[in-house]
Amino acid sequence: MDKYKISPTDPWLWARARHEDVEDILDLVAQNYESEIDNILISSRPRMAYHLHKSILQQLFEINQVLISVARDKTTNKLVAWAWLERGKYTVYAYEEMATAEFIHVDLSLGLKSKVRLVAQVLEQWIHFCESCKIPVLTSSSIRSDQTAFMRLHEQYGFVVRGSIAYKRIV
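Residues numbered from 1 in each chain as written. Predicted model: local features only at pLDDT ≥ 70, side-chain atom pairs only at ≥ 80, totals over all residues. Heavy atoms only, no water.

Caption draft 1: Main features of the packing of helix α3 (residues 112-133) against helix α4 (residues 148-156). Where α3 contacts α4, the axes come no closer than 11 Å and their chain directions differ by 45°. Between α3 and α4, the angle falls in the class oblique. With respect to the hand of their crossing, α3 and α4 are arranged in right-handed fashion. Residue-level inspection shows Val-116, Val-119, Ala-120 and Leu-123 of α3 in contact with α4, the latter providing Phe-150, Leu-153 and His-154. Residues of the contact of α3 with α4, tallied by class, amount to six nonpolar, one polar and no charged. (Axes fitted to C-alpha atoms, helices over the stretch in contact; angles between N-to-C directions. Helix = DSSP H or I, 4+ residues; strand = E, 2+ residues; numbered from the N terminus. Parallel < 35°, antiparallel > 145°, perpendicular 65-115°, else oblique. Left-handed = near helix turned anticlockwise from the far one by under 90°. Contact = heavy atoms within 4.5 Å. Nonpolar A, V, L, I, M, F, W, Y, C, P; charged D, E, K, R; others polar.)

Caption draft 2: Broad picture of the side chain of Asp-107. Tracing the backbone shows Asp-107 in the loop between β4 (98-106) and α3. A relative accessible area of 5% places Asp-107 in the buried class. Here Lys-78 takes part through its side chain, which lies 2.7 Å from a polar atom of the side chain of Asp-107. When near neighbours in sequence (up to four residues on either side) are disregarded, Asp-107 contacts Leu-28, Asn-32, Lys-78, Val-80 and Lys-115. (Buried < 20%, exposed > 50% of the residue type's maximum accessible area, 1.4 Å probe, protein only. Polar contact = N/O pair within 3.5 Å; in protein donor to acceptor, adjacent residues only side chain to side chain.)

Caption draft 3: Spotlight on the pattern of salt bridges. Evaluation of the coordinates by the stated rule reveals 12 salt bridges. Among the ionic pairs, Lys-5 bridges to Asp-2, the shortest N-O distance being 3.9 Å. Accessibility expressed as a relative area gives 40% for Lys-5, which makes it partly exposed. In this structure, Asp-27 and Arg-45 form a salt bridge, with 2.8 Å as the shortest nitrogen-oxygen distance. A residue pair is termed long-range when its members are at least 10 positions apart, and Asp-27 in helix α1 (residues 22-32) and Arg-45 in helix α2 (residues 45-61) qualify at 18 residues. Connected via shared salt-bridge partners are Asp-21, Asp-24 and Arg-72. (Salt bridge = Lys/Arg side-chain N within 4 Å of Asp/Glu carboxyl O.)

Caption draft 4: Geometry of α2. With 17 residues, α2 ought to run about 24 Å at 1.5 Å a step, and its terminal C-alpha atoms sit 24 Å apart, in line with that. Buried positions along α2 lie against β1 (12-16), α1, β2 (66-73), β3 (79-89) and β4. Here α2 starts with a cap whose side-chain oxygen sits 3.2 Å from the backbone nitrogen of Arg-47, and that cap is Ser-44. (Expected span 1.5 Å × (residues − 1).)

Caption draft 5: The side chain of Thr-100, seen in detail. Residue position: Thr-100 is located in strand β4. Separated by 3.5 Å, the side chains of Thr-100 and Thr-139 make a polar contact. Apart from the residues within four sequence positions on either side, Thr-100 is in contact with Trp-84, Leu-85, Glu-86, Lys-89 and Thr-139.

Structural data, given as C-alpha cells:
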C-alpha cells in the first residue's frame, strides 16, 4: 500500500492533535458527521470537547495510551481529517488487549482520491502505533450506512472484516 504512504508531497501535514485543534475537530464533526447519529443519539459538543481535551492531555503525558492525529492543509491550515485511537480495550471472551478506533473523519468536500488517501494514512498510523506499543489486536468499525469502500480499504491493509467491524492481529 505504498501508494498511500504519508509523503512530503501530500497537500496536508499530519500531527498529533493539540488542544488548539479541538474546535476545528468539533466543527468538522458537526459539518460532516453529526447526521450519522440523528434519531439515535443527541450529540453534545461540550461533552465531546471535554473528552477530546482529556485524551489530548493523556496523549501528552502517556504517549502510548491514545493517538489522536490531525491532518491540516499545508496552504490554508484547514483541518482536512482527524482520527482517534485508544488502547486498553478488551472483550469479555478473550485476554488480548485491543486498540479500538473511536473516529476517522475526513472533510467530505474533498475529492475521492484525497479521502481514500487520508483514511489509508490513518490506518497506517494506527498499525504503526499498535506495532510500536505491542498491542495484539487493532479494531475499527463504522456506523455509516455506506461502509463498503471503507471496509474494503481495511481488507487491503490485512484486516479481517466481520459486518461493520474490522480486526487486524498485530503481534
